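What the coordinates show
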Amino acid sequence: MSSTNTRESGFSLIELMVAITLGLLLSIGIISLFGSTSNTNKVQDALANLQENGRYAVVHVDDDLRMLGGLFCSNKAGSPTGTGDTLAWPGRAPGVLAASLPLPDSGNAKSFPATGSSTSNATTFYALSPRWFVQGYECATGTCVPSVASEIPTTGVANLKRVPKTDVLTVRYQRGNGWPLTAASCISGGSLTISPQSGDDTLNFAAGNLALVTDCVNPNILPISAVAGNTLTIGATLAGGASPFCGANAASDTRVFNFSADFVTVSYYLAFRDDNNPDASANSAAAKRQIPVLIRRENGIEQEIVQGVDRLDFLYGVQDGNGVTRYLDAGQVNNNLGGAITCTPAPNGIATLEPGCLWRSVRSVEIHMLLDTVNNVASLDTTSMSYTYSQDTPKTTTISSPTTLLPSGIQAGRMMRREFVSLVSVRNYNP
C-alpha cells in the first residue's frame, strides 16, 4: 500500500509583503493624483468664476456708458430756445422752466445754473449744461477729487461702506421712446396734448412730474401740475430768457418724455458687504470678512452687480477746443488739466468756461477693474496670488502672504486676481 504526499499551496511571507508594498504605492499614487486633480479643479473653477464676473461687470458698465448724455435723437445738436430750426454742434442743453430739478447723486442740488449746482430752487430760466450728464470722481488717495456727492456712501472697511481708494462715476441719460406731441401751449397754465402710438411705453405721468419736450433740436423741461387723460397741464414756469420752442411738429417728430421717471441717474462704485458665512475667516480689523462688491445705483436705489471687485478706476477721453483727444482722470478733467486745456464751444445759453466745462467733451470712457476669485483657494502659493494692475505704480503687486493688506484696507487672502479693461465710445457724442 502506497501513500501520496500532498503539498499545501499559498503566498509566502515575502510575496505577501511585496503585494502589500505595491498596493500601498498604488494607493499613494491614486491619492496624490486625486489631490492634484482636486486642486486643479478648484483653481479652474475659481478662474472661471473670476472670468464670468469680470465679463458680466464690464457689460453692465458698458451699456450705461454708451447711453451717457442721451436725450432724444443725437445729443450733438440743439438750442434751448429758438424757432426750431437752429442747429449747433455743441452738446444739447435743455432749457429748464421748472424751479426744482432734483437729480439724484448731485449733492441734493435742486437747480443747475451757469455758476454751478445749487441746493436752492431756481428763480429764472436757465439751460441745463451737458456737463451734468457725467461726473467722475478720482479717489486715488483717502479723499476724492472733486468731493463725492453726499448721497454716495462714505468710505470705510465695514459693511455698506464704500471701498477706499476706488473711483466713482455718475452718468445721466433719458430712457424710453416718449410720446408724440399733437398740441402744445408751453406757458404757465398751458397744456400738452399727447397721442401714444402702438409700441410706445405706457403713459406714466402724474401731477408734480417734469416733462421733457423735444423736437431733436430744442429740448425744454416743464413742470406738470395736473394730468387728465392724455392732457398735461403746465405748472408755474420760470421767467427770463427767450420764449421756449414747444410746438407740435409732426415733421420733426416732437415728443414728450417723463423727465422725472425716465431721466435716470446711474452711479457706479465699490462697497463692502459682510460675508455671512460663519466659517469665513476675518480679513479686516472689524473681525469679519468683507467682500468688495460692484454697486450700480439707479436713482438712489443700490443694486449689487458682482462680488469680488477689488479696484475700480476710470479714465476719460476728452476732446479740447482744438479737437485733440486725451485720456485724463476725473481730477484732471475737473480742473481742465490745471488750466492747460481749452474747453470746446458751449451750447446756446451756456458759458464756454463754466465750472467743470471739460465734462461736456467726454467722448469715451476707459474702465479698469481688478477682480478676485471671491473665495480662497487653499493650494495657492504667493506667486499665484500676486497680480498686475495697470493703474498702479509699479504695476505688479507682490502678495507675500494672505494677510498682506490691499489698497482697499482688507487682507489679500489666498486668491487670484485679474484686471479687466474696457474702452467705451459714448454714442451720443460720436455720430
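The following paragraphs examine the structure supplied in this document. (Residues numbered from 1 in each chain as written. Predicted model: local features only at pLDDT ≥ 70, side-chain atom pairs only at ≥ 80, totals over all residues. Heavy atoms only, no water.)

**Regarding empty space enclosed by the protein**
With the rule as written, the count across this model stands at 1 cavity of 30 Å³ or more. Put simply, the largest cavity is a space of about 60 Å³. Arg289, Gln290, Pro292, Asp372 and Met415 are, among the 13 residues lining the largest cavity, the residues nearest its centre. At 3 residues, strand E12 (residues 290-298) tops the list of elements feeding residues into the lining of the largest cavity. Here the lining of the largest cavity is composed, by residue class, of 6 nonpolar, 3 polar and 4 charged. (1 Å grid on protein atoms, 1.4 Å probe; cavity = no way out; pocket = protein on both sides within 12 Å on 5 of 7 lines; lining within 4 Å. Points joined across faces, edges and corners; volume = space filled by probe spheres on them. Helix = DSSP H or I, 4+ residues; strand = E, 2+ residues; numbered from the N terminus. Nonpolar A, V, L, I, M, F, W, Y, C, P; charged D, E, K, R; others polar.)

**Description of the layout of surface pockets**
Which parts of space are left empty comes out when a probe the size of a water molecule is rolled across the atoms. Reported here for the largest pocket is a volume of approximately 300 Å³. Element by element, the count of residues in the lining of the largest pocket is highest for strand E3 (residues 134-137), at 3 residues. Among the residues forming the lining of the largest pocket, the class breakdown is 8 nonpolar, 9 polar and 4 charged.

**Let's talk about the sheet that holds E12**
Two modes of strand pairing occur in sheets, parallel and antiparallel, and in both the strands are linked by backbone hydrogen bonds. One open sheet holds the 5 strands; their spatial order is E3-E4-E11-E12-E13, and the pairing between them is antiparallel. In this open sheet, the two edge strands, each paired with only one partner strand, are E3 and strand E13 (301-307). Strand-to-strand twist of the sheet, defined as the mean angle between neighbouring strand axes without regard to direction, takes the value 25°. Sheet analysis places strand E4 (residues 168-174) next to strand E11 (residues 263-274), joined by 6 bridges and oriented antiparallel. Bridge pairing in E11 places tyrosine 173 opposite valine 264. (Pairing = 2+ DSSP bridges. Axes fitted to C-alpha atoms, helices over the stretch in contact; angles between N-to-C directions.)

**Examining the packing of aromatic side chains**
According to the stated counting rule, one finds 5 aromatic pairs in the structure shown. Pairing tyrosine 316 with tryptophan 359 gives two aromatic rings, centres 5.1 Å apart and planes at 80°, and the pair type is edge-to-face. Of the two residues, tyrosine 316 sits in strand E14 (residues 309-319) while tryptophan 359 sits in the loop between helix H4 (336-339) and strand E16 (362-372), which places them 43 residues apart along the sequence. Exposure remark for tyrosine 316: the relative accessible area of 1% places this residue in the buried category. Counting every residue linked through ring pairs, the aromatic cluster contains Phe133, Phe259 and Phe263. The ring of tryptophan 132 carries the charged tip of arginine 131 above its face, separated from the ring centre by 4.1 Å. (Phe/Tyr/Trp six-rings, centres within 6.5 Å; stacked < 30°, edge-to-face > 60°. Buried < 20%, exposed > 50% of the residue type's maximum accessible area, 1.4 Å probe, protein only. Lys NZ or Arg CZ within 6 Å of the ring centre and 35° of its normal.)

**A short note on the side chain of asparagine 53**
Relative to the helices and strands, asparagine 53 is located in helix H1 (residues 13-66). Ignoring any residue separated from it by four or fewer positions in sequence, one finds asparagine 53 in contact with Val306, Gln307, Leu371 and Val374. (Contact = heavy atoms within 4.5 Å.)

**Observations regarding the pattern of salt bridges**
Applying the stated criterion to the full structure yields 15 salt bridges. Ionic pairing is found between glutamate 298 and arginine 296, a salt bridge with its closest N-O pair at 2.7 Å. Overall, the relative accessible area of 19% leaves glutamate 298 in the buried class. With a shortest N-O distance of 4.0 Å, arginine 417 and aspartate 372 are connected by a salt bridge. A residue pair is termed long-range when its members are at least 10 positions apart, and arginine 417 in strand E19 (residues 417-425) and aspartate 372 in strand E16 qualify at 45 residues. A single network of salt bridges, built from pairs that share partners, joins Asp64, Arg175, Arg296 and Glu298. (Salt bridge = Lys/Arg side-chain N within 4 Å of Asp/Glu carboxyl O.)

**Notes on the state of the cysteines**
With the rule as written, the count across this model stands at 2 disulfides. Each sulfur in the disulfide pair cysteine 139 and cysteine 144 lies 1.9 Å from the other. With the S-S bond torsion at 110°, the cross-link from cysteine 139 to cysteine 144 turns out right-handed. Of the two residues, cysteine 139 and cysteine 144, both sit in the buried class. Residue pairing for cysteine 343: its cysteine sulfur links by disulfide to cysteine 357, the two sulfurs lying 1.9 Å apart. Between cysteine 343 and cysteine 357, the S-S torsion sits near 70°, and that sign places the bridge as right-handed. Note that cysteine 343 is positioned in the loop between H4 and E16 and cysteine 357 in the loop between H4 and E16, a separation of 14 residues in sequence. (Disulfide = S-S within 2.5 Å.)

**Comments concerning the nonpolar core**
Residues Leu65, Leu169, Leu294, Phe314, Tyr316, Ile367 and Met369 are the most contacted members of the largest nonpolar core, which totals 52 residues. Among the elements of the structure, H1, E4, E11, E13, E14, helix H3 (330-334), E16 and E19 are those that each provide at least two residues to this core. Those residues in contact with leucine 169 that lie beyond four places of it in its chain are Leu65, Val134, Gln135, Gly136, Val266, Ser267, Tyr268, Phe314, Tyr316 and Val365. Listed in part, the 21 residues of the second largest apolar core include Phe72, Ala109, Leu238 and Phe259. (Core = buried A, V, L, I, M, F, W, Y, C linked by side-chain atoms within 4.5 Å.)

**Structural notes on unusual backbone geometry**
Across the junction of valine 145 and proline 146, the peptide omega takes the value -5°, indicating a cis bond. Of note, proline 146 is situated in the loop between E3 and E4. Residue proline 394 is reached from threonine 393 by a cis peptide bond, and omega for that bond is -5°. Mapped onto the elements of the fold, proline 394 is located in the loop between strand E17 (387-388) and strand E18 (396-397). One non-glycine residue, aspartate 105, lies in the positive phi region at around 55°. Take aspartate 105: it is sitting in the loop between strand E1 (95-96) and strand E2 (126-127). You can call aspartate 105 buried: its relative accessible area is 2%.

**Looking at the environment of serine 401**
Here serine 401 lies in the loop between E18 and E19. Aside from chain neighbours lying at most four places away, what touches serine 401 is Thr382 and Met385. Here threonine 403 takes part through its side chain, which lies 2.9 Å from a polar atom of the side chain of serine 401. (Polar contact = N/O pair within 3.5 Å; in protein donor to acceptor, adjacent residues only side chain to side chain.)

**Description of the pairing of E11**
By the criterion of burial, E11 is predominantly enclosed, with 11 of the 12 residues buried. In terms of strand pairing, E11 meets E12 through 9 bridges, oriented antiparallel. What sits directly across from alanine 271, in E12, is valine 293.

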